[in-house]
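Secondary and tertiary structure notes
So you can see what is in the structure, the chains are spelled out below.
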Amino acid sequence: IPLHEETLAQREEVLSPIHPTTLMSRNNLAHAYVSVGRFDEAIVLLEDTLAQCEEVLGPIHPTTLANRNNLAYAYMKAGREDDARRLLGEADGNDTN
């Protein structure tokens, strides 16, 4: 995880916080957090990153879709199944409420 954190910091500094490569790096860091059970940190990072991806790249860009998928996975691992279903329903264009 330290390598992911260092890479993200460097990309934010050199490229910008909203550069597509930086957004992918942020997504990778969050996925690493999930893999070691740091769900709360991952979810906050993924929620922020998803909002930025949608704004900068658009809702159907591959990086946006990967981020949405990883956020849904993080929700599931954290026991937030309803949030995951809602998020995936939005991705499919379905209203699950």
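Quick note: structure is the one above.
Just so it is clear, the structure is predicted and the values come from calculations on it, not from any experiment.

Of the regular secondary structure elements, the protein chain holds 5 helices and 0 strands. Listing every helix and strand of the protein chain by position from the N terminus yields α-α-α-α-α. Over its C-alpha trace the protein chain gives a radius of gyration of 13 Å, about what one expects of a compact globule, namely 13 Å for 97 residues. Each principal axis of the C-alpha atoms in the protein chain carries an extent, and together these give about 40 × 30 × 15 Å. Burial status across the protein chain gives 32% buried among its 97 residues. A sequence separation of at least 24 residues applies to 43% of the contacts in the protein chain between residues at least 6 apart. Here the protein chain has roughly 5,700 Å² of accessible surface; of this, 52% comes from carbon and sulfur atoms. Here the protein chain carries 8 positive and 16 negative side-chain charges, and the mean point of each set is 4 Å from the other.

Next up on the list: the side chain of T22. Turning to its location among the elements, T22 is positioned in helix 2 (residues 20–35). A distance of 3.4 Å separates a polar side-chain atom of T22 from the backbone oxygen of R11.

Helix length check: helix 4 (residues 62–77) (16 residues) gives 22 Å between terminal C-alpha atoms against 22 Å at 1.5 Å per residue, within 8%. Within helix 4, the full set of buried residues consists of T63, T64, N67, R68, N70, L71, A72, A74 and Y75. Directly beyond the C-terminal end of helix 4, a positive phi value near 80° is found at G79.

Glancing now at the nonpolar core. Grouped together as the largest cluster of nonpolar side chains are 16 residues, with contacts concentrated most on L71, Y75 and L87. Contributions of two or more residues to this core are made by helix 2, helix 3 (39–56), helix 4 and helix 5 (81–92). Here the element with the most residues in this core is helix 3; it accounts for 5 residues. Excluding residues within four positions of it along the chain, L87 makes contact with L50, R68, L71, A72 and Y75.

Before going further, it helps to examine the pattern of salt bridges. Following the criterion strictly, the structure yields 6 salt bridges and no others. Residues E12 and R26 are paired through a salt bridge, measuring 2.7 Å at the closest nitrogen-oxygen approach. Residue E12 is found in helix 1 (residues 2–14), and its partner R26 is found in helix 2; the two are separated by 14 residues along the sequence. Residue class for R26 comes out buried when judged on its relative accessible area of 6%. Put simply, E47, R80 and D83 are held in one network by salt bridges that share partners.

Cut-offs and rules
- Residues numbered from 1 in each chain as written.
- Predicted model: local features only at pLDDT ≥ 70, side-chain atom pairs only at ≥ 80, totals over all residues.
- Heavy atoms only, no water.
- Helix = DSSP H or I, 4+ residues; strand = E, 2+ residues; numbered from the N terminus.
- Rg over C-alpha atoms; globule rule 2.2 N^0.38 Å.
- Buried < 20%, exposed > 50% of the residue type's maximum accessible area, 1.4 Å probe, protein only.
- Contact = heavy atoms within 4.5 Å.
- Areas by Shrake-Rupley, 256 points an atom, 1.4 Å probe, with all protein chains shown as cover.
- Lys, Arg positive; Asp, Glu negative; His and termini not counted.
- Charge placed at Lys NZ, Arg CZ, Asp CG, Glu CD.
- Polar contact = N/O pair within 3.5 Å; in protein donor to acceptor, adjacent residues only side chain to side chain.
- Expected span 1.5 Å × (residues − 1).
- Core = buried A, V, L, I, M, F, W, Y, C linked by side-chain atoms within 4.5 Å.
- Salt bridge = Lys/Arg side-chain N within 4 Å of Asp/Glu carboxyl O.

Just geometry here; none of it tells us what the structure is for.
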